[in-house]
Amino acid sequence: MYNITIYILAITAIFEFAAIAFIFISRSLLHSVISLTLAFVVNSALFLIMKQPFLAIIQLFIFVGGISTYALVGVASSGFSKFPHTNKFAFIAVFVILLAAISYPLLTANISSTGTNAFTPLQVKSGITGYIGLFYLITAMLFGVALGSIILFKSLGRSK
Amino acid sequence: MIEQVFIIISFAVFALGVAGIVSSRNIIIMLLSTEVMLLSATLLAVIFFNFNVNGGIVPLLFTIWAIAAAEAIMVIVFYKYLLSTKSSLDIKGLSKLRE
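K.L.:
Got a minute to help me understand the overall build of chain B in this structure?
P.N.:
The secondary structure content of chain B amounts to three helices and zero strands. Secondary structure of chain B in N-to-C order comes out as α-α-α. Within the span of chain B, comprising 99 residues, buried residues form 53% of the whole. Intrachain contacts of chain B at a sequence separation of at least 6 include 54% that bridge at least 24 residues. Entry remark: accessible area of chain B is about 4400 Å², with carbon and sulfur atoms responsible for 73%.

K.L.:
Is there a simple way to explain the overall build of chain A in this structure?
P.N.:
Along its length, chain A carries six helices and zero strands. Here chain A, with 160 residues, has 36% of them falling under the buried criterion. Looking at chain A alone, contacts between residues at least 24 apart form 74% of all its contacts between residues at least 6 apart.

K.L.:
Explanation requested: the environment of A12(B) in the structure shown.
P.N.:
Residue placement: A12(B) occurs in helix α1 (residues 2–23). A residue is classified by how much of its surface remains accessible, and A12(B), at 4% relative accessible area, is buried. Distance in space between the C-alpha atoms of A12(B) and M37(B) is 9.9 Å, their sequence separation being 25 residues. Residues in contact with A12(B), not counting those within four places in the same chain, are F17(A), F95(A) and L99(A).

K.L.:
Hey, could you run me through the packing of aromatic side chains in this one?
P.N.:
Aromatic ring pairs are reported here in terms of the distance separating the ring centres and the angle at which the planes meet. Residue and element names in this part refer to chain A. Considering all chains together, one arrives at one aromatic pair over all chains under this definition. Residues F24 and F91 carry aromatic rings whose centres are separated by 5.0 Å and whose planes lie at 45° to one another, so their mutual orientation is tilted. With F24 in helix α1 (residues 2–25) and F91 in helix α4 (residues 88–108), this residue pair connects regions lying 67 residues apart in the sequence. This pair shows no difference in class: F24 is buried, exactly as F91 is.

K.L.:
Honestly, the packing of α4(A) against α1(B) in this entry has me stumped. Any pointers?
P.N.:
Two measures define how a pair of helices packs: the angle their axes make with one another and the distance between the axes. Direction vectors running N to C along α4(A) and α1(B) enclose 145°, while the axes themselves pass 8 Å from each other. Judged by the sense of rotation from one axis to the other, the crossing of α4(A) with α1(B) is right-handed.

K.L.:
Where do I start with the side chain of S24(B) in this structure?
P.N.:
With respect to the secondary-structure elements, S24(B) resides in the loop between α1 and α2 (27–51). At 3.3 Å, the side chain of S24(B) forms a polar contact with the backbone nitrogen of N26(B).

K.L.:
How do you make sense of the environment of E3(B) when you look at a structure like this?
P.N.:
Of note, E3(B) is situated in helix α1. Along the chain, E3(B) and I28(B) lie 25 residues apart, while their C-alpha atoms are 33 Å from each other.

K.L.:
Quick question: what am I supposed to make of α4(A) here?
P.N.:
The periodicity of an α-helix, 3.6 residues per turn, causes residues three or four places apart in sequence to face the same way. In this model α4(A) runs 31 Å from its N-terminal to its C-terminal C-alpha over 21 residues, within 8% of the 30 Å that 1.5 Å per residue would give. Of all bends in α4(A), the biggest is about 30°, found at I102(A), and the proline P105(A) comes one to four residues later.

K.L.:
Can you help me understand the side chain of S33(B) in this one?
P.N.:
Of note, S33(B) is situated in helix α2. We classify S33(B) as buried; its relative accessible area is 0%. Beyond its immediate stretch of four places on either side in the chain, S33(B) contacts F24(A), G17(B), G20(B) and I21(B).

Parameters and conventions
- Residues numbered from 1 in each chain as written.
- Chains lettered and ligands numbered in written order.
- Predicted model: local features only at pLDDT ≥ 70, side-chain atom pairs only at ≥ 80, totals over all residues.
- Heavy atoms only, no water.
- Helix = DSSP H or I, 4+ residues; strand = E, 2+ residues; numbered from the N terminus.
- Buried < 20%, exposed > 50% of the residue type's maximum accessible area, 1.4 Å probe, protein only.
- Contact = heavy atoms within 4.5 Å.
- Areas by Shrake-Rupley, 256 points an atom, 1.4 Å probe, with all protein chains shown as cover.
- Phe/Tyr/Trp six-rings, centres within 6.5 Å; stacked < 30°, edge-to-face > 60°.
- Axes fitted to C-alpha atoms, helices over the stretch in contact; angles between N-to-C directions.
- Left-handed = near helix turned anticlockwise from the far one by under 90°.
- Polar contact = N/O pair within 3.5 Å; in protein donor to acceptor, adjacent residues only side chain to side chain.
- Expected span 1.5 Å × (residues − 1).
- Bend = angle between axes of the 7 residues up to and from the residue.

Here you go:
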């Protein structure tokens, strides 16, 4: 059971890192926004792995509201500014140095877990678990509609 | 063990956000990097309260999420300003704001 959790965690983490890295690699703002969306979804999956479905749902709501704003800006600025905005060498160098610097004290630390769930007193976890799939489905549908309308408006703009 | 893995993931996400701010010149991308850093903050808060403290996390998380939502509004304001001045999204263009 523990090993399965570790594998799921590793796959989720790889997806999250790839999504975040693609924000800075991509030249189009719209692609960056879509990558940030994937990062939000994967982050909510991390909350699910930690057995916090309530927070996962709120994370999805935040992403539906916040990311749609970014998507609008990304679409509106397509063709507005397309310069090579990220210095990739500096990006990798800063990432490696900073990660090594802030993770080094963690290697020698002895973190003891109490194993308690912070949400047990609030009793939000017990009744909401069965609805997670539905919330994910609704979020995916909303995001699909948003992306479809973006593509439609872009094609309409091109045809004019 | 698994707590440390979660914490390292959170640190890595934070480092990616900082690296994005440092290495990018596009103002929207820099704001997206701040969003990534806030993402790591929520992750670390949930890890800390989930594994070590038996208490209320919701006010802290809602504060972080409110900041993230306010930042999305900031993007609109910046974008409106850049459109009105007809400048590019390059952060160096904001040096015109100096006296």
